[in-house]
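Tertiary structure, described
If you want the building blocks of each chain, they are given just below.
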Amino acid sequence: MINIAILGYGTVGSGVYEVLKKNAESIKRKTGRDVVIKKILDIRDFPDHEEKHIFTKDFSEILNDDDIKIVVEVMGGVSPAYSYTKAALLQKKHVVTSNKELVATHGAELLKIAKDNNVNYLFEASVGGGIPIIRPLNQCLAANEITSIMGILNGTTNYILTKMIKEGKSFGEALKRAQEKGYAERNPDADVLGHDTCRKIAILSSLVYGKQVDYNLIYTEGINNITKEDILYAESLDSVIKLIGFSELKDKKVFARVSPMLIPSSNPLASVDGVFNAILVKGDSIGDCMFYGKGAGKYPTASAVAADIIDIIKNIDKNMKFYWEDGSADYVVDIKDSFSTFLIRVKEGAREKAKELFGDVEFIHARGVKGEVAFFLPSVNEGELIKKLSQLEGFISKIRMAE
Ligand code: HSE
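Residues numbered from 1 in each chain as written. Predicted model: local features only at pLDDT ≥ 70, side-chain atom pairs only at ≥ 80, totals over all residues. Heavy atoms only, no water.

What follows concerns helix α5 (residues 100–116). Of all the bends in α5, the greatest, near 85°, is centred on His106. Among the residues of α5, the N-terminal cap falls to Asn99, whose side-chain oxygen and the backbone nitrogen of Glu101 are separated by 3.2 Å. Note on α5: the residue one or two positions beyond its end, Asn118, has a positive phi of about 55°. (Bend = angle between axes of the 7 residues up to and from the residue. Helix = DSSP H or I, 4+ residues; strand = E, 2+ residues; numbered from the N terminus. Polar contact = N/O pair within 3.5 Å; in protein donor to acceptor, adjacent residues only side chain to side chain.)

Next up, the structure:
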């Protein structure tokens, strides 16, 4: 028998409870142990719950209970999750989490504390919801040098964009539906403005490149400025718009960003729709490898948390050597020093000025869009581009393009 505690009984916490109960037999078969949920911490009361006696509002009841070996932190946010996690690890309890904000902020420190105390801090559910990605990157692809990661890492925004593209839904309608389905963060700005994707690409980058990537240094744009016209341009170019988290390791520096991108239909990420996420990694031995599955939602996320619990039970007496080091302040390159290919939209009257600034560019039209044109800029320095665009009267918008 192994006793665990769950911190936070929201969407993910209640999903973990249900998955552990529903699959108790198969979990026992795989681990040889019964998993007993001994305590659940939540500030709310659950008077109608079938096990209402296991709820507590006092974390010390969990921390000081030596029979509780695994703590499942699914509260979200940095405070108080950070202090609870640290205290649990120092007390030699294993911790499993879905909390990307905490892993992205304090991952290096918490992983070191886990290592020093011969326990584990696992976070499979923090990226890609139910998709196995953290463990495969750390184990199955461990023999590769991963040189780049490109992914659709947020289910809510992918769901919204898909509804807008395929069903002509408004942004607001699609967001409401995503919230009803339990995909969105408590504050949907975290999804829509790209912050959730930013934390996830920071975690993946930290893991595969081996040093903490500070998410505050990652350039981040959301989907809040995407218009019907952008979608029509994408259609005309046989592409779709996706919110992409990207990172690349070059000369021991990390180039990372989060932004909407035009993805051509030939790219495997183009057909990833709805709440699905997909992560394309490039390894020096494997080449391209894509991970695909449900990136958000109660049960997909709970299944990833449960997988970590199972892994810990199988490795209850050892640290699984799962960690990265602290990163330096100059580890992430400023966006102004990076290069991307862009589609630039301008008003009809701006053609001459655009040619003056960017040379003999070729203008294109999108079916159904009037009064404006667009042109491509292949592999331009972003700092230079921003300077030139500030001089371009009639500039409407810019969007990065994938190959
Ligand atoms: N709000 C997140 C998403 C939940 O939509 O992907 C999973 O991290």
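In the structure shown here, the tally under the stated rule is 32 salt bridges. A salt bridge links Asp65 to Lys38; its shortest N-O distance comes to 2.8 Å. You can see Asp65 sitting in the loop between α3 (60–63) and β4 (68–73) and its partner Lys38 sitting in strand β2 (residues 35–41), a full 27 residues away along the chain. The closest approach of N and O atoms between Glu180 and Lys176, which form a salt bridge, is 3.3 Å. On the criterion of helical spacing, the pair formed by Glu180 and Lys176 is a turn pair, its members being four residues apart in helix α8 (residues 171–180). (Salt bridge = Lys/Arg side-chain N within 4 Å of Asp/Glu carboxyl O.)

So, on to the sheet that holds strand β1 (residues 2–7). Spatially, six strands are ordered β3-β2-β1-β4-β5-β6 in an open sheet, and the strand pairing comes out parallel. One side of each edge strand has no neighbouring strand; the edge strands of this open sheet are β3 (55–56) and β6 (121–122). (Pairing = 2+ DSSP bridges.)

As a further point, take the nonpolar core. Within the largest apolar cluster, 107 residues are counted, with the highest numbers of intra-cluster contacts made by Tyr121 and Ile309. When sequence neighbours within four positions are dropped, the list of residues in contact with Ile309 reads Ile4, Val16, Leu20, Ile70, Val72 and Val96. Within the second largest apolar cluster, 16 residues are counted, among which are Ala350, Phe375, Leu385 and Leu389. (Core = buried A, V, L, I, M, F, W, Y, C linked by side-chain atoms within 4.5 Å. Buried < 20%, exposed > 50% of the residue type's maximum accessible area, 1.4 Å probe, protein only. Contact = heavy atoms within 4.5 Å.)

Close contact between α5 and helix α10 (residues 195–209) brings their axes to 9 Å; oriented N to C, the two are set at 50°. The pairing of α5 with α10 is recorded here as oblique in orientation. Between α5 and α10 lies a crossing of left-handed hand. Residue-level inspection shows Lys100, Glu101, Val103 and Ala104 of α5 in contact with α10, the latter providing Asp196, Arg199, Lys200 and Ile203. When grouped by side-chain class, the residues that make up the contact of α5 with α10 number three nonpolar, no polar and five charged. (Axes fitted to C-alpha atoms, helices over the stretch in contact; angles between N-to-C directions. Parallel < 35°, antiparallel > 145°, perpendicular 65-115°, else oblique. Left-handed = near helix turned anticlockwise from the far one by under 90°. Nonpolar A, V, L, I, M, F, W, Y, C, P; charged D, E, K, R; others polar.)

This part is about the pairing of strand β11 (residues 276–283). Among the eight residues in β11, six count as buried, and that is most of the element. Taken together, the six bridges between strand β7 (residues 146–152) and β11 define a ladder with antiparallel strand orientation. By the bridge assignment for β11, Ser148 is matched with Lys282. Here β11 runs beside strand β12 (residues 287–294); their pairing, made up of eight bridges, is antiparallel. Across the sheet, the residue bridging to Ala278 is Tyr292, located in β12. Counted between consecutive antiparallel strands, the loop separating β11 from β12 contains three residues.

Turning our eyes to something else, we now look at the site of the ligand. Neighbouring residues of the ligand: Lys100, Asn154, Gly155, Thr156, Tyr183, Ala184, Glu185, Asp191, Asp196, Lys200, Gly295 and Ala296. Within the backbone of Tyr183, one N or O atom sits 2.8 Å away from a nitrogen atom of the ligand. Note that a nitrogen atom of the ligand is positioned 2.7 Å from one of the side-chain N or O atoms of Glu185. Surface burial for the ligand is 93%, taken as the share of its 260 Å² of free accessible area covered by protein chains. (Near = heavy atom within 4 Å. Areas by Shrake-Rupley, 256 points an atom, 1.4 Å probe, with all protein chains shown as cover.)

What follows is about the environment of Ser397. With respect to the secondary-structure elements, Ser397 resides in strand β16 (residues 395–401). Along the chain, Ser397 and Arg345 lie 52 residues apart, while their C-alpha atoms are 5.2 Å from each other. Every residue in contact with Ser397, bar those within four places of it in the chain, is listed here: Asp230, Leu343, Ile344 and Arg345.

Turning our attention to helix α2 (residues 24–31). Considered for burial, the residues of α2 that qualify are Ser26, Ile27 and Thr31. Summarising the axial view, the buried residues of α2 lie within an arc of 120°, below the 170-degree limit, and thus occupy one face. Set apart from the buried face of α2 by more than 90 degrees, the exposed residues are Glu25 and Arg29. (Arc of directions from axis to C-beta.)

Pro80 follows Ser79 through a cis peptide bond whose omega is 5°. With respect to the helices and strands, the residue Pro80 is situated in the loop between β4 and α4 (81–90). Unlike most non-glycine residues, Asp238 shows phi in positive territory, near 50°. Relative to the helices and strands, Asp238 is located in the loop between α11 (228–236) and β9 (239–250). Phi at Asp251 takes a positive value of approximately 50°, unusual for a residue other than glycine. As for its position among the elements, Asp251 is in the loop between β9 and β10 (253–264).

In this structure the tally under the stated criterion is twelve aromatic pairs. Between the aromatic rings of Tyr9 and Phe46, the centroid separation amounts to 5.1 Å while the plane-to-plane angle is 80°, which identifies the pairing as edge-to-face. With a gap of 37 residues between them, Tyr9 in the loop between β1 and α1 (11–22) and Phe46 in the loop between β2 and β3 connect regions that are remote in the sequence. We classify Phe46 as partly exposed; its relative accessible area is 21%. Ring plane angle 80° and centroid distance 5.7 Å describe the contact between Phe363 and Phe375, whose orientation is recorded as edge-to-face. Of the two residues, Phe363 is situated in strand β14 (residues 363–364) and Phe375 in strand β15 (residues 372–381); the sequence distance between them amounts to twelve residues. Per residue, the accessibility class of Phe363 equals that of Phe375, and both read buried. (Phe/Tyr/Trp six-rings, centres within 6.5 Å; stacked < 30°, edge-to-face > 60°.)

This is a description of form; function is not addressed.
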